[in-house]
Amino acid sequence: MNSHLTITLAGKDHPQLINQLAAKTHELGGKWLVSKISRLDQQLVGIIKVEIPDTFAEQLESEFNKLSDFYVNIVKSDQPQAFVKIEHVTLKVESSDRPGIVNDITNILHDIGINIDRIENHRIGVPDLGKTLFFAELSIDVPSQTNLEQLIESVQQVEGDMRVEVVD
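Please read these numbers as outputs of a predicted model, since none were measured by experiment.

*Asks:* Can you walk me through helix α3 (residues 101–111) in this structure?
*Replies:* The periodicity of an α-helix, 3.6 residues per turn, causes residues three or four places apart in sequence to face the same way. Taken together, the buried positions of α3 are I101, I105 and L109. One side of α3 holds all its buried residues, which, seen down the axis, span an arc of 65 degrees. The exposed set on the far side of α3, more than 90 degrees from its buried face, consists of H110 and D111. Its buried side turned inward, α3 meets β5 (86–96), β6 (115–126), β7 (131–143) and α4 (148–156). G113 sits one or two residues past α3 and shows a positive phi near 80 degrees.

*Asks:* Is there a simple way to explain the UniProt feature "domain: ACT" (unreviewed entry) in the protein in this structure?
*Replies:* UniProt records the feature "domain: ACT" (unreviewed entry) at residues 90–168, using the numbering of this structure. Secondary structure across residues 90–168 divides into 25% helix and 47% strand, with the first and last C-alpha atoms of the span separated by 7 Å.

*Asks:* I tried to follow the sheet that holds strand β1 (residues 2–12) on my own but got confused; where do I start?
*Replies:* For sheets, the rule is that strands pair by backbone hydrogen bonds, running either parallel or antiparallel. Taken in spatial order, the 4 strands of this open sheet run β2-β3-β1-β4, and their pairing is antiparallel. Lying at the two open borders of the sheet, with one neighbouring strand each, are β2 (31–40) and β4 (70–76). Pairwise comparison of adjacent strand axes, ignoring direction, gives a mean angle of 10 degrees for this sheet. As paired strands, β1 and strand β3 (residues 43–53) are joined by 11 bridges and run antiparallel to one another. Within β3, the position partnered with L5 by the bridge is V50. Across the sheet, helix α1 (residues 17–27) touches β1, β2, β3 and β4, and the angle it forms with β2 is around 165 degrees. Lying on the sheet, helix α2 (residues 54–65) is in contact with β1, β3 and β4; it crosses β3 at an angle near 165 degrees.

*Asks:* Where do I start with the sheet that holds β5 in this structure?
*Replies:* If you trace the 4 strands from one edge of the open sheet to the other, you get β6-β7-β5-β8, paired in antiparallel fashion. Two strands close off the open sheet at either side, each with one partner strand: β6 and β8 (163–167). Mean inter-strand twist for the sheet, computed between neighbouring axes without regard to direction, equals 20 degrees. Looking at chain direction, β5 and β7 are connected through 11 bridges and run antiparallel. From the neighbouring strand, S95 faces β7, where its bridge partner is F134. Along the sheet, α4 contacts β5, β7 and β8; its crossing angle with β8, the most-contacted strand, is approximately 145 degrees.

What counts, and where the lines are drawn
Residues numbered from 1 in each chain as written. Predicted model: local features only at pLDDT ≥ 70, side-chain atom pairs only at ≥ 80, totals over all residues. Heavy atoms only, no water. Buried < 20%, exposed > 50% of the residue type's maximum accessible area, 1.4 Å probe, protein only. Helix = DSSP H or I, 4+ residues; strand = E, 2+ residues; numbered from the N terminus. Arc of directions from axis to C-beta. Contact = heavy atoms within 4.5 Å. UniProt positions renumbered as here; feature names shortened; annotations may be inferred. Pairing = 2+ DSSP bridges. Axes fitted to C-alpha atoms, helices over the stretch in contact; angles between N-to-C directions.

Below you can see the structure in the form of structure tokens.
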């Protein structure tokens, strides 16, 4: 039987670190199902979903926890997920900026059962207008039966001048 591990890690990047982690997983008979890893200023953050034979799960956990200068958290989940057909959708959001706007957007998506796969946002000051503009791109997973127009309308309720569009 196999275990599914969700591994989050953050810390100082080392040469060949990702290759070493992948090689150790492979040596123990495991495979990376999904991974998202980013580098920023000699730091590395990531999340990895691993499938590995039960007999090697603890050994893999021990190997990952040996990383120096790293925070590692491993969650084991053997429960199979119910199959729900989902679509991957990208939303582009433009609005006047204000405190709490990211929180409000993510809360609306959470309240209607939408999972955020990735979010990137930034702000640009526009001195001529005397305000700051907010821009975000969200990759989300939506059940295939979701009405995208209603989803867009829900997110636009966050701010009066907010523009939301689905992009390919």
